[in-house]
Amino acid sequence: SQQGEEDPQALSIQEGENATMNCSYKTSINNLQWYRQNSGRGLVHLILIRSNEREKHSGRLRVTLDTSKKSSSLLITASRAADTASYFCATDAGYTDKLIFGTGTRLQVFP
Amino acid sequence: GAVVSQHPSRVICKSGTSVKIECRSLDFQATTMFWYRQFPKQSLMLMATSNEGSKATYEQGVEKDKFLINHASLTLSTLTVTSAHPEDSSFYICSARELAETQYFGPGTRLLVL
């Protein structure tokens with residue numbers, strides 16, 4: 001399977017703490033994207049990082065990409081209860097227009 | 001960001017019937033639309049890619065005669081689950097892409113086949 005893997009599978013933290021999720025993938029990529037999914041809902045696009053970028057910020061989100069290790073991380077700083085959701089990384093599967101999703105991390109932020 | 005809608009949001013049907021799910025891009029023209037399936041607490045699995053005016057490209061293991069996809073216009077794609085069975089019960093999500101890399105996802109359709 002081409003599916004990427006994320007760890008941890010589940011993460012529980014207190015409000016105000018930082019949450020870090022990691023994603024590993026298998027093929028060469030053009031870009032990597034992170035999505036958020038609230039329970040039973042669709043996906044919300046968070047951030048896209050290209051293969052020639054190493055780090056990208058968007059508000060409380062920080063994404064890193066290491067193409068040599070085929071891995072990416074998503075850091076959410078100063079987490080809030082509203083950040084509770086599942087987070088997925090997705091790669092463009094070797095320069096095709098398909099997205100290959102990782103297994104996801106379920107984040108629970110306790111108030 | 002761009003808005004994608006899905007209809008219905010949930011549907012319950014009897015085994016053997018067919019169910020149609022619509023996916024619309026509301027404020028942009030989608031050159032490509034994608035259909036995914038998601039089981040509880042699992043990731044999204046791509047079922048097929050559809051381009052306006054051409055036949056859909058199905059992923060390995062997805063039955064094209066069971067999951068009929070029509071992309072009739074630049075703003076509408078439909079997925080029809082034919083002769084649905086309980087094992088087809090799942091969360092179906094579509095996404096749409098204009099020209100850039102970002103895919104915008106619909107809110108999903110929960111299908112329950114009794």
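Look up: the structure comes first, before these words.
Please read these numbers as outputs of a predicted model, since none were measured by experiment.

Rules used throughout
- Residues numbered from 1 in each chain as written.
- Chains lettered and ligands numbered in written order.
- Predicted model: local features only at pLDDT ≥ 70, side-chain atom pairs only at ≥ 80, totals over all residues.
- Heavy atoms only, no water.
- Pairing = 2+ DSSP bridges.
- Helix = DSSP H or I, 4+ residues; strand = E, 2+ residues; numbered from the N terminus.
- Axes fitted to C-alpha atoms, helices over the stretch in contact; angles between N-to-C directions.
- Buried < 20%, exposed > 50% of the residue type's maximum accessible area, 1.4 Å probe, protein only.
- Disulfide = S-S within 2.5 Å.

A.B. asks: Explain the sheet that holds strand β1 (residues 5-7) of chain A to me, using residue names and the numbers behind them.
C.D. replies: Residues and elements named next belong to chain A. The strand order β1-β3-β8-β7-β6 describes an open sheet built from 5 strands, whose pairing is antiparallel. Edge positions in the sheet fall to β1 and β6 (55-58), since each has one partner strand and no second. Between one strand axis and the next, the sheet turns by 15 degrees as a mean value, whatever way the strands run.

A.B. asks: Please provide a residue-by-residue account of the sheet that holds strand β8 (residues 76-81) of chain B, values included.
C.D. replies: Residue and element names in this part refer to chain B. Here we have 4 strands laid out as an open sheet, ordered β1-β3-β8-β7, and antiparallel in their pairing. In this open sheet, the two edge strands, each paired with only one partner strand, are β1 (4-7) and β7 (67-73). This sheet shows a mean twist of 15 degrees between the axes of neighbouring strands, independent of strand direction. Note that β1 and strand β3 (residues 19-25) share 4 bridges and pair antiparallel.

A.B. asks: Describe unusual backbone geometry, naming the residues involved and giving the relevant values.
C.D. replies: With an omega dihedral of 0 degrees, the bond running from D7 of chain A to P8 of chain A counts as a cis peptide bond. Looking at where P8 of chain A falls in the secondary structure, it is placed in the loop between β1 and β2 (10-14). The residue A78 of chain A is not glycine, and still its phi comes out positive at about 45 degrees. Here A78 of chain A lies in the loop between β8 (71-76) and β9 (85-91). A positive phi angle is found at K41 of chain B, which is not glycine, with a value near 60 degrees. Judged by relative accessible area, which is 72%, K41 of chain B ranks as exposed.

A.B. asks: Tell me about the state of the cysteines, and name the residues and values.
C.D. replies: In total, this model carries 2 disulfides over all chains according to the counting rule given. Residue pairing for C23 of chain A: its cysteine sulfur links by disulfide to C89 of chain A, the two sulfurs lying 2.0 Å apart. Residues C23 of chain A and C89 of chain A share a disulfide whose torsion about the S-S bond is about 70 degrees; that sign makes it right-handed. A residue pair is termed long-range when its members are at least 10 positions apart, and C23 of chain A in strand β3 (residues 19-24) and C89 of chain A in strand β9 qualify at 66 residues. A residue is classified by how much of its surface remains accessible, and C89 of chain A, at 2% relative accessible area, is buried. Two residues share a disulfide in this structure: C23 of chain B and C94 of chain B, whose sulfurs sit 2.0 Å from each other. Taking the torsion about the sulfur-sulfur bond, which here is approximately 80 degrees, the covalent link between C23 of chain B and C94 of chain B counts as right-handed. Placement of C23 of chain B in strand β3 and of C94 of chain B in strand β9 (residues 90-97) is noted, with a sequence separation of 71 residues between them. By the burial criterion, C23 of chain B is buried, and C94 of chain B matches it. Considering cysteine sulfurs only, C94 of chain B is the nearest to C13 of chain B, which forms no disulfide, with 18 Å between them.

Purely spatial values, then, with no claim about function.
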